[in-house]
Amino acid sequence: MFDYLQQFNNLPKEIRERVSSPQTMAAINDLENKYKVDLAMVVMKITIKSLAFKSLPAYFISELNLNAGQAENLTQDLKE
């Protein structure tokens, strides 16, 4: 069920630290508050490459119930 978490934990320490840095976590928290979604799993899946950026809008629509505009905006915000 949580294969992505195990794969994330198996990544090199430098990558995990970069994703878990206070600056990164603050940016993710801001996006979670702005869009009212939980992004921890999404970020881990992107990091382990089991979810591609090009697939994010569709993922956000189907899994997080965002409308198309919100999904595109959130994808762009994550890229930045």
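Below you will find a few notes about this structure. (Residues numbered from 1 in each chain as written. Predicted model: local features only at pLDDT ≥ 70, side-chain atom pairs only at ≥ 80, totals over all residues. Heavy atoms only, no water.)

Topic: the pattern of salt bridges
Enumeration according to the criterion identifies two salt bridges in this entry. Ionic pairing is found between Glu-17 and Lys-13, a salt bridge with its closest N-O pair at 3.7 Å. One end of the pair, Glu-17, and the other, Lys-13, are both in helix H2 (residues 13-19), four residues apart, so they sit about a helical turn from each other. Among the residues examined, Glu-17 registers a relative accessible area of 45% and is labelled partly exposed. Overall, the relative accessible area of 51% leaves Lys-13 in the exposed class. In this structure, the salt-bridge partner of Asp-77 is Lys-34, at a minimum N-O distance of 3.2 Å. With a gap of 43 residues between them, Asp-77 in helix H6 (residues 68-79) and Lys-34 in helix H3 (residues 22-35) connect regions that are remote in the sequence. Assessed through its relative accessible area of 57%, Lys-34 is described here as exposed. (Salt bridge = Lys/Arg side-chain N within 4 Å of Asp/Glu carboxyl O. Helix = DSSP H or I, 4+ residues; strand = E, 2+ residues; numbered from the N terminus. Buried < 20%, exposed > 50% of the residue type's maximum accessible area, 1.4 Å probe, protein only.)

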